[in-house]
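For reference, the chains in residue letters:
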Amino acid sequence: MSDSVNTIEQRETWPAVWKGWRRKCPNCGTGPMMRGYLKVRDACPVCRQELHHHRADDGPAYLTILIVGHLMAPGLHIAFTTWRPEPLILFTIFAVLCVGLSLYLLPRLKGAMIAFQWARGLHGFSQTS
Ligand SMILES: [Zn+2]
């Protein structure tokens, strides 16, 4: 085992989640967690922390929909009642906002969720390898 790999007792949750939000390795904070847009690397290229244990599954998509929906639904209501724009203009603006915000949040929430699993020793992260 490498010296740079923390044991579970040394892992602090919120610094790790912040590193994951930045899509960096939750252990060292410098190695990239993702290969491409959403594909998680098997291991960190810097500290060799194994990342293939993660079980993010549908969690990041769920959180993305939860956040985007709770921002866009009241925003749609406020925009409609305040400015009464043409429906096609309103649709265009909110479609772009929804897609843009979703594409921004999805990989960051996935990184944060994987880092949370790493910090708490969930699933295969309980082994200190
Ligand atoms: Zn690392």
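Residues numbered from 1 in each chain as written. Predicted model: local features only at pLDDT ≥ 70, side-chain atom pairs only at ≥ 80, totals over all residues.

**Student:** How should I be thinking about the packing of helix α1 (residues 13–21) against helix α3 (residues 87–120) in this particular structure?
**Tutor:** When two helices pack together, their arrangement is captured by the angle between the axes and the distance separating the axes. Two elements in contact, α1 and α3, have axes separated by 7 Å at closest approach and are oriented at 150°. Accordingly, the angle class assigned to the pair α1 and α3 is roughly antiparallel. Crossing hand, α1 versus α3: right-handed. Residues Thr-13, Ala-16, Val-17, Lys-19, Gly-20 and Trp-21 of α1 touch α3, and the partners they reach there are Arg-108, Gly-111, Ala-112, Ile-114, Ala-115, Phe-116, Trp-118, Ala-119 and Arg-120. (Axes fitted to C-alpha atoms, helices over the stretch in contact; angles between N-to-C directions. Helix = DSSP H or I, 4+ residues; strand = E, 2+ residues; numbered from the N terminus. Parallel < 35°, antiparallel > 145°, perpendicular 65-115°, else oblique. Left-handed = near helix turned anticlockwise from the far one by under 90°. Contact = placed C-beta atoms within 7 Å.)

**Student:** Whenever I open this one, the nonpolar core confuses me. Can you help?
**Tutor:** Soluble globular proteins tend to pack their nonpolar side chains together in the buried interior. Among the nonpolar cores identified, the biggest contains 15 residues, and Ala-112, Met-113, Ile-114, Ala-115, Phe-116, Trp-118 and Ala-119 are the most heavily contacted of them. If you tally residues by element for this core, the top one is α3, at 9 residues. With near-sequence residues (within four places) excluded, Ala-112 lies in contact with Val-17, Gly-20 and Trp-21. (Core = buried A, V, L, I, M, F, W, Y, C linked by C-beta atoms within 7 Å. Buried ≥ 20, exposed ≤ 12 C-beta atoms within 10 Å, placed from the backbone.)

**Student:** For this particular structure, what's the right way to read the UniProt feature "transmembrane region" (unreviewed entry) in the protein?
**Tutor:** In this numbering, the UniProt entry assigns the feature "transmembrane region" (unreviewed entry) to residues 61–82 and 88–106. In residues 61–82, the share of helix is 100% and the share of strand is 0%. The end C-alpha atoms are 31 Å apart. For residues 88–106, the end-to-end C-alpha separation is 27 Å, with 100% helix and 0% strand making up the annotated structure. (UniProt positions renumbered as here; feature names shortened; annotations may be inferred.)

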